[in-house]
Amino acid sequence: MEQKREEDESAVLARLVSLYESAEQSTEESRAEAEQARDYRNGVQWTDEEIATLKKRKQPIITIDRIGPKIDFLMGMEASNRREPRAYPRTPQDEDSAAAATDALRFVLEDQRWDVARSQCFDNLLVEGACGVDVKVTEKRGDYVIEVLPIMWDRMFGDVHSRIRNWSDGNYKGQFLWMDHEDAERMYTGKEDILNTTLSSEPATANTYDDVPRTRWADPKRKRIRIVEVWTKEDGTYYHTTFIKSGILERMETHYRDWE
């Protein structure tokens with residue numbers, strides 16, 4: 001029975017690794033375009049070849065930035081037109097419940113500084129064309145807290161066969177992060193073997209200052225590991241799995257049913 005369970009986990013891991021790597025490879029071109037868009041937003045609008053040509057001609061490098069002011073205008077317009085969340089009653093008898101729900105929504109958003117997260121997300125949406133937040137319930141100091149955490153545009157991925165931009169018609173979506181090996185060992189107690197295996201599976205390279213070495217699962221030189229978190233639909237059941245190249249760190253059936 002134990003061998004069967006290990007075989008099943010190995011098959012799940014292989015499938016999830018394949019899904020993630022396929023998503024990374026299929027979006028390589030679009031991510032390059034998004035990074036170029038961010039350069040334009042930041043006023044970096046000349047290529048190295050163009051700069052070299054201008055310098056050779058002894059011409060000044062002049063940038064008349066039309067993109068930055070436009071983005072700033074749209075950011076300000078979005079912020080000035082925000083509305084406080086409100087829950088509406090379905091019947092007159094539900095008015096007290098709607099008021100309580102409204103208070104709860106506003107408390108969570110204020111506690112999580114939603115105004116700051118929303119601005120960050122809108123900036124990513126305007127420039128890179130993608131944004132998202134991770135809404136989760138965590139236990140802190142003996143109480144449960146709702147967290148609303150922005151996800152960087154280049155840390156998200158989804159079903160490569162999805163036709164809808166938020167992947168709501170797909171079978172998986174997720175995010176990844178780079179974590180120091182020591183932090184990963186503290187967080188995932190008992191998983192030291194697979195963490196070490198993943199760390200040692202990648203060769204050290206000179207490109208160690210890149211924060212997103214996209215094609216790699218680990219950076220031995222800086223002792224960092226890529227950790228992937230994914231939500232999947234499997235035979236009508238929703239699963240939440242955290243994994244690395246060499247093994248599954250956590251896997252459970254999730255109670256969330258809102259795929260959007």
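On a predicted model such as this, the values are computed, not experimentally measured, just so you know. (Residues numbered from 1 in each chain as written. Predicted model: local features only at pLDDT ≥ 70, side-chain atom pairs only at ≥ 80, totals over all residues. Heavy atoms only, no water.)

Participant: Please give an account of a negative patch on the surface that cites residues and values.
Facilitator: There is a patch of like negative charges on the surface, built from E84, E110, D111 and D115. Tracing the backbone through its elements, the reader meets E84 in the loop between α4 (67-80) and α5 (95-111). (Patch = residues over 30% accessible without salt bridge, like charges linked within 9 Å, V, L, I, M, F, W, Y side chains within 5 Å. Areas by Shrake-Rupley, 256 points an atom, 1.4 Å probe, with all protein chains shown as cover. Salt bridge = Lys/Arg side-chain N within 4 Å of Asp/Glu carboxyl O. Lys, Arg positive; Asp, Glu negative; His and termini not counted. Charge placed at Lys NZ, Arg CZ, Asp CG, Glu CD. Helix = DSSP H or I, 4+ residues; strand = E, 2+ residues; numbered from the N terminus.)

Participant: Summarise the packing of aromatic side chains; cite the residues concerned and give the values.
Facilitator: Inspection of the entire model under this criterion finds 5 aromatic pairs. Where Y20 meets F157, the ring centres are 4.9 Å apart and the plane angle is 75 degrees; that geometry is what we call edge-to-face. Separated by 137 residues along the polypeptide, Y20 in helix α1 (residues 2-26) and F157 in strand β3 (residues 156-158) bring together distant segments of the chain. Each member of the pair, Y20 together with F157, is buried. Taking 6.5 Å as the distance between ring centres and 45 degrees as the angle between the ring planes, the aromatic pair formed by F157 and Y172 counts as tilted. Placement of F157 in strand β3 and of Y172 in strand β4 (residues 172-180) is noted, with a sequence separation of 15 residues between them. The burial state of F157 is the same as that of Y172; both residues are buried. (Phe/Tyr/Trp six-rings, centres within 6.5 Å; stacked < 30°, edge-to-face > 60°. Buried < 20%, exposed > 50% of the residue type's maximum accessible area, 1.4 Å probe, protein only.)

Participant: Summarise the confidence of the model for the protein; cite the residues concerned and give the values.
Facilitator: Here the protein averages 88 in pLDDT, while 91% of its residues score no lower than 70. Here residues 206-210 scores under 50 on pLDDT; set against residues more than four positions off or in separate chains, the count is 6 contacts. (pLDDT = per-residue confidence, 0-100. Contact = heavy atoms within 4.5 Å.)

Participant: Before we move on, could you go through the nonpolar core and cite the residues and values that matter?
Facilitator: Residues Y20, F157, W217, V228, V230 and F243 are the most contacted members of the largest nonpolar core, which totals 15 residues. Elements supplying a minimum of two residues to this core: α1, β4 and β6 (224-234). In terms of residue count, α1 provides more of this core than any other element does, 6 residues in total. (Core = buried A, V, L, I, M, F, W, Y, C linked by side-chain atoms within 4.5 Å.)

Participant: How would you sum up the pairing of strand β1 (residues 132-140)? Please name residues and give values.
Facilitator: Remember that side chains alternate between the two faces of the sheet whenever the strand is regular. Of the pairings in the sheet, the one linking β1 to strand β2 (residues 143-151) comprises 9 bridges and is antiparallel in character. Bridge assignment links K140 to a residue of β2, and that residue is D143. Between β1 and β2, which pair antiparallel and follow one another directly, the connecting turn spans 2 residues, one of which, R141, has a positive phi of 50 degrees. (Pairing = 2+ DSSP bridges.)

Participant: Quick one: what's the story with the pairing of β6, residue by residue and with numbers?
Facilitator: The element β6 is largely enclosed, with a buried count of 9 among its 11 residues. Bridging between β4 and β6 involves 9 bridges; their strand directions are antiparallel. For K173, the partnering residue across the bridge sits in β6 and is W231. Of the pairings in the sheet, the one linking strand β5 (residues 218-219) to β6 comprises 2 bridges and is antiparallel in character. Note that in β6 the partner of A218 across the bridge is I225. The hairpin turn running from β5 into β6, its antiparallel successor, is 4 residues long, and K223 in that turn takes a positive phi close to 55 degrees. Pairing geometry for β6 and strand β7 (residues 237-244), over 7 bridges, is antiparallel.

Participant: A description of α5 should follow, citing residues and the corresponding values.
Facilitator: Given a rise of 1.5 Å per residue, 17 residues ought to cover 24 Å, and the 24 Å separating the end C-alpha atoms of α5 matches this to within 8%. Among all positions of α5, only A98, T102 and V108 are buried. An end-on view of α5 places all buried positions within 135 degrees of arc, on one side of the element. Across from the buried face of α5, at angles greater than 90 degrees, the exposed residues are D96, D103, F107 and E110. Buried residues belonging to α5 abut β2. (Expected span 1.5 Å × (residues − 1). Arc of directions from axis to C-beta.)

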